[in-house]
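Residue-level structural notes
Letter by letter, the chains look like this.
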There are 2 protein chains.
Amino acid sequence: MTSNLPKFYDERMTRSETLERGGGVAIWRQIAERLRTEISLDVWKTDERLPSEADLAVRFGVNRHTVRRAVAALAEDGILKANQGRGTFVAQKPIRYPIAARTRFSEIVSSQDREPGGELIAHSIEPADDALAARLEVAAGTDLIRLETVRFADDIPIGAGINWYPAARFPSLVDAFARSGSITAALRENGLDDYRRIQTLVSADVAGPQDCALLDIATGDPILVIESINEDLEGRTFNVSRSRMAAARVQLSIDS
Amino acid sequence: MTSNLPKFYDERMTRSETLERGGGVAIWRQIAERLRTEISLDVWKTDERLPSEADLAVRFGVNRHTVRRAVAALAEDGILKANQGRGTFVAQKPIRYPIAARTRFSEIVSSQDREPGGELIAHSIEPADDALAARLEVAAGTDLIRLETVRFADDIPIGAGINWYPAARFPSLVDAFARSGSITAALRENGLDDYRRIQTLVSADVAGPQDCALLDIATGDPILVIESINEDLEGRTFNVSRSRMAAARVQLSIDS
DNA sequence: GGTAATTTGTTCGTATGTATC
DNA sequence: TGATACATACGAACAAATTAC
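Cut-offs used in this document
Residues numbered from 1 in each chain as written. Chains lettered and ligands numbered in written order. Predicted model: local features only at pLDDT ≥ 70, side-chain atom pairs only at ≥ 80, totals over all residues. Heavy atoms only, no water. Near = heavy atom within 4 Å. Polar contact = N/O pair within 3.5 Å; in protein donor to acceptor, adjacent residues only side chain to side chain. Helix = DSSP H or I, 4+ residues; strand = E, 2+ residues; numbered from the N terminus. Core = buried A, V, L, I, M, F, W, Y, C linked by side-chain atoms within 4.5 Å. Buried < 20%, exposed > 50% of the residue type's maximum accessible area, 1.4 Å probe, protein only. Axes fitted to C-alpha atoms, helices over the stretch in contact; angles between N-to-C directions. Parallel < 35°, antiparallel > 145°, perpendicular 65-115°, else oblique. Left-handed = near helix turned anticlockwise from the far one by under 90°. Contact = heavy atoms within 4.5 Å. Nonpolar A, V, L, I, M, F, W, Y, C, P; charged D, E, K, R; others polar. Pairing = 2+ DSSP bridges. Domains from an automatic or database assignment. Buried area = accessible area lost by both parts, 1.4 Å probe. Salt bridge = Lys/Arg side-chain N within 4 Å of Asp/Glu carboxyl O. Expected span 1.5 Å × (residues − 1). Arc of directions from axis to C-beta.

Below, the discussion takes up the protein's contact with DNA strand D. Residues and elements named next belong to chain B. Residues in close proximity to DNA strand D total 14 residues, the closest being Ile27, Trp28, His65, Thr66 and Arg86. Considering DNA strand D, the proportion of its atoms within 4 Å of the protein that are sugar or phosphate atoms stands at 75%. Within the backbone of tryptophan 28, an N or O atom sits 3.4 Å from a phosphate oxygen of DNA strand D. Within the side chain of threonine 66, a nitrogen or oxygen atom sits 2.3 Å from a phosphate oxygen of DNA strand D. Mapped onto the surface near DNA strand D, the elements with two or more residues apiece are α2 (27–40) and α4 (64–76). Looking at which element gives the most residues to the surface near DNA strand D, the answer is α4, with 3 residues.

What follows is the structure, given as structure tokens:
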């Protein structure tokens, strides 16, 4: 196989194709992850044809059945599109997601010529526990709106999140979000025209069953875990949120 | 079993403890990842005792052996420490890693009372390809120093990275880094006293064999992939780096 | 100090899933 | 397709260390 990678990426990708057995991750899944990463790094570009299963089997040093299972998993995720007779092709590039004081999901997605969307998964009123109360600067036990959402770009789920807001301040928030699918719009309906993200914590995880169901990905896929705190222009914290984003579909960027 | 989780996390954590079978990721690994995430989110604090293996087995609906396998994996990573008769304790928390204009590995680690270190893995001179040349604002083909490093906190590997620098500008960079183990110190020896990180890209991946070897983690563990661009005080870009950090050992934070 | 309860550590056996050939 | 080797997961029982009373 001749590599058509830019050297920049080539080095790290081709260094070693060894796969680990007995590490708790099936071989077919390791191969799927490797291909997924290469696709998200543009090693295989959109609409480019992947090598044949036989070639991939040689590359990874495994049985062809094992490669077939990996490819099937990625095809099921919509990452690969199988066109009968022509081959297997790559689907979609990740969204660039800038983290800044003014981070708005809808605006970010729109600016990249994709259609933003949001779906209400669940909502409830719950009393603030100590951790949440401290972050939101309210008394423990204060009623909070708990809003669980999934956000989309072109109907592809990007991230699932839980948002907490002081209930007293945003009486019609849930309704407004359910109608508009936009947090920004829902907050505006509740009298909050502008706000700032003051802190963001980022970690990584691998997908569990809940992530799979909400984000339409597979168990073991990498996930970006993002916790953010937002405050209004008077400096009062009004929101804490935690979201889990499919790493293959977003690329965080931080300018400083 | 009465839960001793703060409610904040309890809700989200206990909503569905269902683990997926046959998805290519062993159940013990799924449990290990879930515990790892909880620990990094401070659900379990340093030196706090985890619920007994029997209780965790009930919580996850699995056999105690399966929990033991998960705990063993985390213990091997130095995250948990199990004592016969006493219980299992949280040994090491992730480093909080603020992303800002002035981000220095050594300073971040030192400020958290851990000992920073760096090891030179490989180095070479290579011509800039188009992607690198554009980022570094040099002509394609310009000689670059390619510096591969692993960085430590208390001798625990935190991240492995590749750094590119214009070769002409930093004649003794490799030498200086090999001696000091600090990029900041090596740059200072080459006449660059101060610099700013202007952009950071963040994604997630799962560990491959190379990550396992360099970072002493297991295949399938979550990885934070971080690409950063640094410029000097005159606004000239002088460095591009890509590093892969063990997600269990760092928690990125961005203030805006 | 003595004893019971708790908790991790170990060893059987059995059934199922994964990967190769 | 079937045979084989190995990893995964469960169940029961018991040993060893620690803690609580």
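Around DNA strand C sit 20 residues in total, of which Ile27(A), Trp28(A), Thr66(A), Arg64(B) and His65(B) are the nearest. Taking all atoms of DNA strand C within 4 Å of the protein, the share assigned to sugar and phosphate is 70%. With respect to DNA strand C, the backbone of Ile27(A) contributes an N or O atom lying 2.6 Å from a phosphate oxygen. One of the backbone N or O atoms of Gly85(B) is found 3.4 Å from a sugar or linking oxygen in DNA strand C.

Our next topic: the nonpolar core. Membership of the largest hydrophobic core comes to 34 residues, with the highest contact counts inside it found for Val202(A), Leu224(A), Leu252(A), Val202(B), Leu224(B) and Leu252(B). Within the second largest apolar cluster, 22 residues are counted, among which are Ile27(B), Leu41(B), Ala57(B) and Leu74(B).

Turning next to the packing of helix α3 (residues 53–60) of chain A against helix α4 (residues 64–76) of chain A. Residues and elements named next belong to chain A. Packing of α3 against α4 brings their axes to within 9 Å, and their N-to-C directions diverge by 110 degrees. Considering the angle they form, α3 stands roughly perpendicular to α4. In this structure, α3 crosses over α4, and the sense of that crossing is right-handed. For the pair formed by α3 and α4, the contact residues are Glu53, Ala54, Leu56 and Ala57 on the first element and Arg64, Val67, Arg68 and Val71 on the second. Looking at the contact of α3 with α4 residue by residue, the class counts come to 5 nonpolar, no polar and 3 charged.

Once that is clear, we can look at the sheet that holds strand β3 (residues 95–98) of chain B. Taken in spatial order, the 8 strands make up an open sheet running β4(A)-β5(A)-β6(A)-β9(A)-β8(A)-β7(A)-β10(B)-β3(B), and their pairing is mixed. Only two strands of the sheet have a single neighbouring strand rather than two, namely β4 (116–127) of chain A together with β3 of chain B. Shown here is a sheet whose adjacent strand axes are inclined to one another by a mean of 20 degrees, direction ignored. Of the strand pairs in this sheet, strand β8 (residues 222–232) of chain A and strand β9 (residues 237–246) of chain A are connected by 9 bridges, and their pairing is antiparallel. Across the sheet, the residue bridging to Ile229(A) is Val240(A), located in β9(A).

For the rest of this paragraph, the subject is the pairing of β8(A). Residue and element names in this part refer to chain A. With respect to burial, β8 is a largely interior element, 11 of its 11 residues being buried. Here β8 shows two buried faces, one formed by Pro222, Leu224, Ile226, Ser228, Asn230 and Asp232 and the other by Ile223, Val225, Glu227, Ile229 and Glu231. Looking at chain direction, strand β7 (residues 195–206) and β8 are connected through 11 bridges and run antiparallel. When the sheet's bridge partners are listed, aspartate 205 is paired in β8 with isoleucine 223.

Residue and element names in this part refer to chain A. For chain A, the assigned domains are domain 1 (7–90) and domain 2 (95–254). With centres defined by C-alpha atoms, the gap from domain 1 to domain 2 works out at 32 Å. With 5 residues of domain 1 at the contact, the number on the domain 2 side is 9 residues. Contact between domain 1 and domain 2 buries roughly 530 Å² in total, counting both sides, with carbon and sulfur atoms accounting for 45%. Across the pair aspartate 221 and arginine 29 runs a salt bridge whose closest N-O atoms are separated by 3.4 Å. Residues that form the side of domain 1 that touches domain 2 fall into these classes: no nonpolar, 1 polar and 4 charged.

This brings us to the pairing of strand β1 (residues 80–83) of chain B. Where β1(B) lies against strand β2 (residues 87–90) of chain B, 4 bridges are found, and the strand directions are antiparallel. Looking at β2(B), one finds that Leu80(B) is bridged to Val90(B).

Looking at where Glu234(A) falls in the secondary structure, it is placed in the loop between β8 and β9. For the pair Glu234(A) and Phe60(A), spaced 174 residues apart in sequence, the C-alpha separation works out to 57 Å.

So, on to the interface of chain B and chain A. Taken together, the contact pairs 65 residues of chain B with 66 residues of chain A. Here chain B and chain A share an interface that buries about 5,600 Å² over both sides, 52% of which is from carbon and sulfur atoms. At the boundary of chain B with chain A, the tally comes to 0 salt bridges. At the boundary of chain B and chain A, one finds 13 residue pairs in polar contact (both at pLDDT 80 or more). It is strand β7 (residues 195–206) of chain B that provides the largest number of residues to the side of chain B that touches chain A, a total of 11 residues.

This part is about the sheet that holds strand β3 (residues 95–99) of chain A. Across the sheet, which stays open at both edges, the 8 strands sit in the order β3(A)-β10(A)-β7(B)-β8(B)-β9(B)-β6(B)-β5(B)-β4(B) with mixed pairing between neighbours. Looking at strand neighbours, the two that pair on one side only are β3 of chain A together with β4 (116–127) of chain B, the edges of this open sheet. Averaged over all pairs of adjacent strands, the angle between strand axes in this sheet comes to 20 degrees, irrespective of strand direction.

The α-helix advances 3.6 residues per turn, and as a result positions three or four apart in sequence lie on the same side. Residue and element names in this part refer to chain A. Between its first and last C-alpha atoms α4 spans 18 Å; for 13 residues at 1.5 Å apiece the expected length is 18 Å, and the two agree. Burial in α4 covers these residues: Val67, Ala70, Val71, Ala73 and Leu74. All buried residues of α4 fall inside an arc of 155 degrees around its axis, so they share one side. Across from the buried face of α4, at angles greater than 90 degrees, the exposed residues are His65 and Glu76.

Turning our attention to the environment of Leu80(B). All names here are of chain B. Along the chain, leucine 80 turns up in strand β1. Overall, leucine 80 belongs to the buried group, its relative accessible area being 3%. Leucine 80 sits 12 residues away from glutamine 92 along the chain, and the two C-alpha atoms are 7.2 Å apart. What leucine 80 contacts, discounting residues up to four positions off in sequence, is Ile39, Leu50, Val71, Leu74, Ala75, Thr88, Phe89, Val90 and Ala91.

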